[in-house]
Amino acid sequence: MESSSTSTIISLLVILLSFSLASSDSFQDNFYKCLNSQISVPLSNCFYTPNNPSFTPLLNSSAQNLRCLLPSVPKPELIFTPLTESDVQSAVICSKQLNIQLKVRSGGHDYEGLSYISETGTPFVVVDLSKLRSVSVDIEGNNAWVEAGATVGELYYRIAEKSKIHGYPAGLCSSLGIGGHITGGAYGSMMRKYGLGADNVLDARIIDANGNILDRESMGEDLFWAIRGGGGGSFGIILAWKVKLVPVPETVTVFTVTKTLEQGATKILYKWQQVADKLDEDLFIRVITQTGDGAKKGVRTVSNSYNALFLGGVDRLLQIMAESFPELGLQRKDCVEMSWLESVLYIAGYPSSVPPEILLQGKSTFKNYFKAKSDFVKEPIPESGLEGIWKRFLEEDTPLMIWNPYGGMMSKISESDIPFPHRNGTLFKIQYVTIWGDADKASPGRHVEWIRKLYNYMSTYVSKFPREAYVNYRDLDLGMNKYGSTDFVQASVWGSKYFKNNFNRLVRIKTKVDPDNFFRHEQSIPTLPKEGKQRRRRGRRSHHQG
Ligand SMILES: Cc1cc2nc3c(=O)[nH]c(=O)nc-3n(C[C@H](O)[C@H](O)[C@H](O)COP(=O)(O)OP(=O)(O)OC[C@H]3O[C@@H](n4cnc5c(N)ncnc54)[C@H](O)[C@@H]3O)c2cc1C
Ligand SMILES: *[C@@H]1O[C@H](CO)[C@@H](O)[C@H](O)[C@H]1NC(C)=O
Ligand SMILES: *[C@@H]1O[C@H](CO)[C@@H](O)[C@H](O)[C@H]1NC(C)=O
């Protein structure tokens, strides 16, 4: 009794002491000392404080949303770029010891910058995995091990380098970090045929809250379930994914056909909504909506671009389109046959003159200031509803919307197979984006208001109870954890949108594997309140009173 209360007082003192030392310089010194005692390489290669000239270029390097880099946005106390798995372990151990929030970044594409900024304004460190990016492809075994810092483009390139008839069904944008991307699902142009990236994961190496390295066998099926779609930054640090390869034909076909309002865009899009999820599984046609000059110069119009990948040759594609979607008027001259890897570049938006080696740069090409939101649609939106969208689009500077068809394999996988729940019954997903330039960087309010109003307008036409959203399109408008504490009821608001009924299982697993809530961020999975902790608190209070 006596000695346990003494040790409580001592540990309280230690905590108080470490809080008062947390003012930035000494914190960095302490972190440095802690790491130094743990790792063998010189820290000068991987330890960056804000007064290091390389700090800002490194912070900027993979940050995709320029909105999150403004001077007004809180910056990390330091960035650590581990060179080995055990360096990552040391970072976990030292962050825990010094009681500082750790954020992990793989590809930096988070929509709200959650991997490198903090909305809560509390000190944090960034563990940037960009130097852990090896990819090893085993064609005979039909799999690949990919380290978290590699991009999907690097993975696609390394697969195609070894085989023209293997692929992997993940994201369309080639600079996505495989580490964060798969944690939220990872959809791409082969999702109707093979499902998500997360549906095609065989194993993973992660570091848990105790600093242990686990694989599928040692983490167990609960945690292995949670990390495949439960969102990044809640359960541990993914070091590498082992993914399953899928067959692709030697020749695939792509096309992009654009229809403006004057060309009957509304009626064609109405028809697309009825067929896109029912088409042959080899065919994926997404719709990209933008504004621009119409037939008359200076008069803006809305255009819908039908951007497609077909896992087969042009003859069969034309047959399918004539039967299922003749309204688009697809012609042979619109179609280009190519290899699967070339289609990756095409869908990512590169001109055909660009060689595939660009995928190895691992750099993003599409950085800007933006705000985005998402919805899932279960019934076709009537033409009158579409017209309301066009009206709003014509009122914004650079609006963008992408409609992604579901159906096929997406409908065959059950809602609870992995945490990603948006399956059978979903016709398509909408992503809304508004982009602005340097001129508006200090006051983006008008654009953010615009997208929120559009989102309100859409409520009639999209999924309800809950209104579903894609966790990989993080949206802090849906709610946010407070610093250091998470609240189950509050988190259920966005949790049910991202995960539907899987949210409760995610919370149970989180509580089991990370009861102290070490891995946390603005929208991390909460832990359940600890019974023991409440009892201890009560005990302490009565001690004080006595
Ligand atoms: C231009 C663009 C295009 C996109 N296209 C697609 C698409 O085609 N398909 C699609 O599904 N999504 C797409 N996304 C969304 C994308 O999947 C998510 O932003 C994803 O989280 C990015 O992963 P990242 O590693 O690049 O991001 P990061 O910003 O590094 O991380 C995202 C989140 O995961 C956490 N995290 C990062 N690394 C790890 C790790 N190793 N272990 C645990 N947690 C980690 C971070 O802390 C953060 O919370 C796109 C995003 C952008 C900006
Ligand atoms: C980092 O990005 C910000 C925002 O775009 C920019 O203002 C700044 O100049 C960049 N700094 C460096 C060193 O790249
Ligand atoms: C998908 O849902 C429809 C309608 O609710 C149902 O008829 C069909 O059997 C479901 N398909 C699968 C694969 O579960």
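What counts and how
Residue numbers restart at each chain and count upward from 1, following the sequence in its written direction. The naming scheme follows written order: chains are lettered A onward, ligands numbered 1 onward. In keeping with the predicted nature of the model, local features appear solely for residues at pLDDT of at least 70, side-chain atom pairs appear and are counted solely at 80 or more, and the whole-chain, interface and lining totals rest on all residues. In computing side-chain values, all of the structure's heavy atoms are included and hydrogens and water are not. All domain edges in this entry derive from an automatic or database-based domain assignment. Contact criterion: two residues are considered in contact whenever any of their non-hydrogen atoms come within 4.5 Å of each other. Note: buried area is the sum, over both parts, of the accessible area (probe 1.4 Å) each one loses when the two are combined. By salt bridge we mean one thing: a side-chain nitrogen of Lys or Arg within 4 Å of a carboxyl oxygen of Asp or Glu. Think of a polar contact as two N or O atoms within 3.5 Å of one another; within protein, one of them needs to be a possible hydrogen donor and the other a possible acceptor, and neighboring residues in sequence only count if both atoms come from side chains. Note on conventions: DSSP H or I runs of at least 4 residues are helices, E runs of at least 2 residues are strands, and numbering of each starts at the N terminus. For this scheme, ten residues count as nonpolar: Ala, Val, Leu, Ile, Met, Phe, Trp, Tyr, Cys and Pro. Four count as charged, namely Asp, Glu, Lys and Arg, and the remainder, Gly too, count as polar. The aromatic pairing rule takes the rings of Phe, Tyr and Trp, using the six-membered ring of Trp, and pairs them if the centres are within 6.5 Å, calling planes under 30 degrees apart stacked, those over 60 edge-to-face and the rest tilted. Only when the NZ atom of a Lys or the CZ atom of an Arg is both within 6 Å of the ring centre and within 35 degrees of the ring normal do we say a charge sits over the ring. Buried means the residue's accessible area, taken with a 1.4 Å probe over protein chains only, is under 20% of the maximum for its type, while exposed means over 50%, and partly exposed covers the values in between. A pair of sulfur atoms, both from cysteines and within 2.5 Å, is called a disulfide here. Pairing between two strands requires that DSSP report at least two bridges joining them. An axis is simply a line fitted to the C-alpha atoms; with a helix, the fit covers only the stretch in contact. Between two such axes, the angle follows the N-to-C directions and lies from 0 to 180 degrees. Residues grouped as a nonpolar core are buried Ala, Val, Leu, Ile, Met, Phe, Trp, Tyr and Cys residues, joined through side-chain atoms within 4.5 Å. One heavy atom within 4 Å of a molecule or strand makes the whole residue count as near it. Shrake-Rupley sampling with a 1.4 Å probe provides the accessible areas, and residues are treated as covered by the protein chains on show and by no other component. Here a cavity means grid points, on a 1 Å grid over the protein atoms only, where a 1.4 Å probe fits yet cannot get out; a pocket means an open set of points with protein on both sides within 12 Å along at least five of seven lines; lining residues are those with an atom within 4 Å of a point. Grid points are joined across faces, edges and corners, and a volume is the space filled by probe spheres set on the points. Every helix has an expected span of 1.5 Å times one less than the residues it contains.

When the domains of the protein are assigned, the result is domain 1 (6-128), domain 2 (135-247), domain 3 (252-337 + 368-460) and domain 4 (479-545). Inter-centroid distance (C-alpha atoms) of domain 1 to domain 2 is 25 Å. At the interface, ten residues of domain 1 touch 17 residues of domain 2. Of the roughly 1100 Å² buried where domain 1 meets domain 2, counting both sides, 63% is carbon and sulfur surface. Considering only the surface of domain 1 that becomes buried against domain 2, Glu85, Ser106 and His109 emerge as the three largest contributors, covering 45% of it. For Arg205, the salt bridge goes to Glu85, with nearest N and O atoms at 2.6 Å. Here domain 1 is connected to domain 2 by four residue pairs in polar contact (both at pLDDT 80 or more). Taken together, the elements giving at least two residues each to the side of domain 1 that touches domain 2 come down to α4 (85-97) and β3 (101-105). Its residues assigned to classes, the side of domain 1 that touches domain 2 comprises four nonpolar, four polar and two charged.

Geometry of an aromatic ring pair is reported as the spacing of the ring centres plus the angle between the planes. Tallying each qualifying case throughout the model produces 20 aromatic pairs. Taken together, Tyr111, Tyr187, Phe370, Phe420, Tyr470 and Tyr473 form an aromatic cluster joined through their ring pairs. Here Lys373 stacks its cationic end above the ring of Tyr455, 4.7 Å away from the centre of that ring. Above the plane of the ring of Trp225 lies Arg505, whose end atom (NZ or CZ) is 4.0 Å from the centre.

A few words on the pattern of salt bridges. Applying the stated criterion across every chain, the model contains 34 salt bridges. When the shortest N-O distance is used, the salt bridge between Arg316 and Asp282 registers 2.8 Å. Linking Arg316 in helix α10 (residues 314-324) with Asp282 in the loop between α9 (265-275) and β13 (283-293), this pair joins segments that are 34 residues apart in sequence. Exposure remark for Arg316: the relative accessible area of 34% places this residue in the partly exposed category. A salt bridge links Asp315 to Arg332; its shortest N-O distance comes to 2.7 Å. Here Arg332 lies in the loop between α10 and β15 (335-338) and Asp315 lies in helix α10, a separation of 17 residues in the sequence. Among the charged side chains, a salt-bridge network with shared partners connects Arg67, Glu112, Lys371, Lys373, Glu449, Arg452, Asp475 and Asp477.

Let us now look at the state of the cysteines. Evaluated as defined, the whole model comprises one disulfide. Residue Cys34 pairs covalently with Cys94 via a disulfide, S to S 2.0 Å. Measuring the twist about the S-S bond at about -85°, one finds the Cys34-Cys94 disulfide to be left-handed. A residue pair is termed long-range when its members are at least 10 positions apart, and Cys34 in helix α2 (residues 24-38) and Cys94 in helix α4 qualify at 60 residues. You can see Cys46 has no disulfide; the closest cysteine sulfur is in Cys94, sitting 12 Å from it. Cys68 takes part in no disulfide bond, and the closest cysteine sulfur to it belongs to Cys173, at a distance of 15 Å.

Within a sheet, adjacent strands bond to each other through the backbone by hydrogen bonds, running parallel or antiparallel. If you trace the four strands from one edge of the open sheet to the other, you get β1-β2-β4-β3, paired in mixed fashion. Looking at strand neighbours, the two that pair on one side only are β1 (47-48) and β3, the edges of this open sheet. Most of the contacts of α4 go to β3, to which it runs at about 155°, and overall it touches β2 (78-80), β3 and β4 (124-128).

In this section: the nonpolar core. Taken as a class, soluble globular proteins show a tendency for nonpolar side chains to be buried jointly. If you look at the biggest cluster of nonpolar residues, it comprises 125 residues, and the most contacted ones within it are Phe255 and Trp403. Core analysis: the second largest hydrophobic core is formed by 28 residues, Ile39, Ile100, Leu102 and Val127 among them.

A separate point is the site of ligand 1. Near ligand 1, the surroundings consist of 30 residues, among which Val104, Ser106, Ser115, His181 and Tyr470 are the closest. Interatomic distance of 2.9 Å between a backbone N/O atom of Gly107 and an oxygen atom of ligand 1. Protein contacts shield 95% of the accessible area of ligand 1, which totals 950 Å² for the unbound molecule. If you list the elements that add at least two residues to the shell around ligand 1, you get β3, α6 (178-183) and β10 (237-244). Counting residues per element, the shell around ligand 1 draws most heavily on α6, which supplies three residues. Within the shell around ligand 1, the residues separate by chemical class into 13 nonpolar, 15 polar and two charged.

Applying the stated rule across the entire model yields three cavities of 30 Å³ or more. The space that makes up the largest cavity amounts to roughly 110 Å³. As for the largest cavity, its lining consists of 14 residues, of which Tyr156, Ala170, Gly171, Ser189 and Val344 are closest to the centre. Take the lining of the largest cavity: its biggest share by element is four residues, from helix α11 (residues 340-348).

This brings us to helix α15 (residues 488-499). Helix length check: α15, at twelve residues, gives a terminal C-alpha distance of 14 Å against a target of 16 Å (1.5 Å per residue), a shortfall beyond 12%. Three or more residues of α15 are buried, namely Ala491, Ser492, Trp494, Gly495, Lys497, Tyr498 and Phe499. Buried residues belonging to α15 abut α16 (502-513). Of the residues flanking the start of α15, the one acting as N-cap is Asp487, its side-chain oxygen 3.3 Å from the backbone nitrogen of Val489. Backbone geometry just after α15 places Lys500 at a positive phi near 50°.

Next up on the list: the sheet that holds β10. Read across the sheet, five strands follow the order β5-β6-β10-β8-β9 without closing on themselves; strand pairing throughout is antiparallel. Strand pairing shows two members of the sheet lacking a second neighbour, β5 (135-138) and β9 (213-214), which therefore form its edges. Here strand β6 (residues 143-147) pairs with β10 via five bridges, running antiparallel. Considered in β10, the bridge of Glu147 is made with Ala240. Contacting β8 (201-207), β9 and β10, α4 runs over the sheet at an angle of about 50° to β8.

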